[in-house]
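This is what each chain is made of:
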Amino acid sequence: MELWVTEQQNDDVHFTIRVKKTLFTEKSEYQDISVLETEFFGKMLILDGVIQTTTFDEFIYHEMIVHVPMFSHKDPKRVLVIGGGDGGSMREVTRHHCVEIAQWVDIDAKVIETCKEYLPEWSNSVKDNPVVHLKIEDGIKHMRESQGLYDVIIVDCSDPVGPGEKLFMYDFYRDIHHALNEDGLFVQQTESPFYHRELIRSVQKDVRSLFPITRLYTANIPTYPSGLHCFTIGSKKYDPSSLCAGRSLDFETRCYTPETHSACFVLPKYVRELTE
Ligand code: SAM
């Protein structure tokens with residue numbers, strides 16, 4: 001019998017993928033977790049019916065959410081990842097040799113445990129890295145209790161429903177602002193410029209009211225709704241639209257390059273309108 005999985009992207013659009021086999025499925029305290037082996041996209045993590053990451057295109061998402069903010073800062077020593085339970089963002093953070101503390105905060109221990117077992121390619125390299133500190137905690141609480149601690153904060157969260165809902169609200173961005181050093185910056189994945197226009201507008205408005213520099217950039221990620229994905233940056237000092245002076249790419253990448261860094265901020269008019 002043929003097996004297919006369907007992600008409901010909105011009331012009128014569904015995305016359906018052929019499945020080879022189900023590797024894992026369980027309900028945690030916070031969400032439904034599944035890991036599937038698919039015919040075309042390889043392994044796939046799904047939380048509450050929403051695709052989070054796949055073998056096929058995870059490198060694009062993780063390189064673009066991490067290296068754009070990291071290479072925008074002169075010397076990111078203390079870095080925080082909120083969410084990112086699959087480990088891909090933390091893997092990319094630890095490729096920057098200047099990092100002394102890489103704090104990782106995810107609300108759901110079961111996602112971390114499942115990904116370690118079924119998606120080891122994402123997080124194997126961070127397993128015994130002494131700079132990485134994992135804390136199972138709500139990112140909202142962690143931000144409320146942190147002050148002037150971080151150079152870069154990466155919010156690699158799930159969609160604004162369930163445990164991720166409050167991660168898209170003004171109070172969270174205000175707490176991020178407090179948690180950053182005086183030259184700090186943060187990035188958050190902010191969904192599709194086709195399907196989530198109001199969300200992007202509202203995040204832009206909140207971030208702009210707190211940070212002197214607010215930017216939006218995009219990347220093509222085939223397994224995310226519409227294939228075009230947005231990222232929002234709030235920065236206290238550095239303009240992220242090109243590599244920071246003195247920084248250079250000194251490791252292998254598959255997507256990110258200094259040219260990609262500058263180009264990803266060049267927005268088509270219909271996307272730029274979301275920032276105005
Ligand atoms: N790249 C993905 C995307 O855009 O779909 C996100 C992937 S990552 C698996 C999302 C993570 O956010 C999950 O591990 C989930 O447990 C975590 N998460 C959701 N709400 C959270 C919260 N309030 N605090 C910390 N982590 C949270």
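Residues numbered from 1 in each chain as written. Predicted model: local features only at pLDDT ≥ 70, side-chain atom pairs only at ≥ 80, totals over all residues. Heavy atoms only, no water.

A look at the pairing of strand 3 (residues 32-38)
Where burial is concerned, most of strand 3 is hidden: five out of the seven residues are buried. As paired strands, strand 2 (residues 13-27) and strand 3 are joined by seven bridges and run antiparallel to one another. Residue pairing for strand 3: Lys21 is matched across the bridge by Glu37. A loop of four residues connects strand 2 with strand 3, the two strands running antiparallel in sequence. One ladder, built from six bridges, connects strand 3 with strand 4 (residues 42-47); its direction is antiparallel. The residue bridging Val35 from the neighbouring strand is Leu45, located in strand 4. (Buried < 20%, exposed > 50% of the residue type's maximum accessible area, 1.4 Å probe, protein only. Helix = DSSP H or I, 4+ residues; strand = E, 2+ residues; numbered from the N terminus. Pairing = 2+ DSSP bridges.)

Overview of the site of the ligand
Close to the ligand lie 26 residues, the nearest being Asp106, Asp138, Gly139, Pro163 and Tyr224. The side chain of Gln52 places a nitrogen or oxygen atom 3.3 Å from an oxygen atom of the ligand. Tyr224 has a polar side-chain atom sitting 2.9 Å from a nitrogen atom of the ligand. Against a free-state accessible area of 600 Å², the protein chains account for coverage of 99% of the ligand. Of all the secondary structure elements, the ones that give two or more residues to the shell around the ligand are strand 4, strand 5 (50-54) and strand 7 (101-106). (Near = heavy atom within 4 Å. Polar contact = N/O pair within 3.5 Å; in protein donor to acceptor, adjacent residues only side chain to side chain. Areas by Shrake-Rupley, 256 points an atom, 1.4 Å probe, with all protein chains shown as cover.)

Observations concerning helix 7 (residues 197-208)
End to end, helix 7 covers 16 Å across twelve residues, agreeing with the expected 16 Å (1.5 Å per residue, within 8%). Its buried side turned inward, helix 7 meets helix 6 (170-179), strand 10 (180-189), strand 11 (213-220) and strand 12 (228-235). (Expected span 1.5 Å × (residues − 1). Contact = heavy atoms within 4.5 Å.)

What about the side chain of Gln204?
Residue position: Gln204 is located in helix 7. Each residue touching Gln204, except ones within four places of it in the same chain, is listed here: Thr214, Arg215, Leu216, Thr232, Leu274 and Thr275.

Points about the sheet that holds strand 5
Think of a sheet as strands paired side by side through backbone hydrogen bonds, with each pair either parallel or antiparallel. Strand order across the open sheet formed by five strands is 1-2-3-4-5, with antiparallel pairing between neighbours. A single partner strand is all that each edge strand has here, and the edge strands are strand 1 (3-10) and strand 5. Strand-to-strand twist of the sheet, defined as the mean angle between neighbouring strand axes without regard to direction, takes the value 45°. Direction of pairing for strand 4 relative to strand 5: antiparallel, over a ladder of four bridges. Counterpart to Met44 in the pairing with strand 5 is Thr54. (Axes fitted to C-alpha atoms, helices over the stretch in contact; angles between N-to-C directions.)

Quick look at the domain arrangement of the chain
Each assigned domain of the chain is listed with its residue range as follows: domain 1 (3-54) and domain 2 (58-275). The distance between the C-alpha centroids of domain 1 and domain 2 comes to 23 Å. With 22 residues of domain 1 at the contact, the number on the domain 2 side is 23 residues. Between domain 1 and domain 2 lies a buried interface of about 2,000 Å² when both sides are counted; carbon and sulfur atoms form 62% of it. At the junction of domain 1 with domain 2, the criterion picks out two salt bridges. The shortest N-O distance in the salt bridge between Glu121 and Lys43 comes to 2.9 Å. Summed over the shared surface of domain 1 and domain 2, the result is seven residue pairs in polar contact (both at pLDDT 80 or more). Those elements that provide at least two residues to the side of domain 1 that touches domain 2 are strand 1, strand 2, strand 3, strand 4 and strand 5. Residue composition of the side of domain 1 that touches domain 2, by class: twelve nonpolar, seven polar and three charged. (Domains from an automatic or database assignment. Buried area = accessible area lost by both parts, 1.4 Å probe. Salt bridge = Lys/Arg side-chain N within 4 Å of Asp/Glu carboxyl O. Nonpolar A, V, L, I, M, F, W, Y, C, P; charged D, E, K, R; others polar.)

Digging into a nonpolar patch on the surface
A surface patch of nonpolar side chains, amounting to about 270 Å² of accessible area, comprises Phe194, Tyr195 and Tyr270. By secondary structure assignment, the location of Phe194 is in the loop between strand 10 and helix 7. (Patch = residues over 30% accessible without salt bridge, like charges linked within 9 Å, V, L, I, M, F, W, Y side chains within 5 Å.)

Topic: the pattern of salt bridges
Within the structure shown, the criterion is met by 17 salt bridges. In this structure, Glu113 and Lys110 form a salt bridge, with 3.1 Å as the shortest nitrogen-oxygen distance. Here the residue Glu113 and the residue Lys110 both occupy positions in helix 3 (residues 109-118), the gap between them amounting to three residues, near one helical turn. Exposure remark for Glu113: the relative accessible area of 46% places this residue in the partly exposed category. The partner of Arg174 in a salt bridge is Asp171, and the shortest N-O contact between them spans 3.5 Å. With Arg174 and Asp171 both in helix 6 and three residues apart, this pair spans about one turn of that helix. For Asp171, a relative accessible area of 43% corresponds to the partly exposed category.

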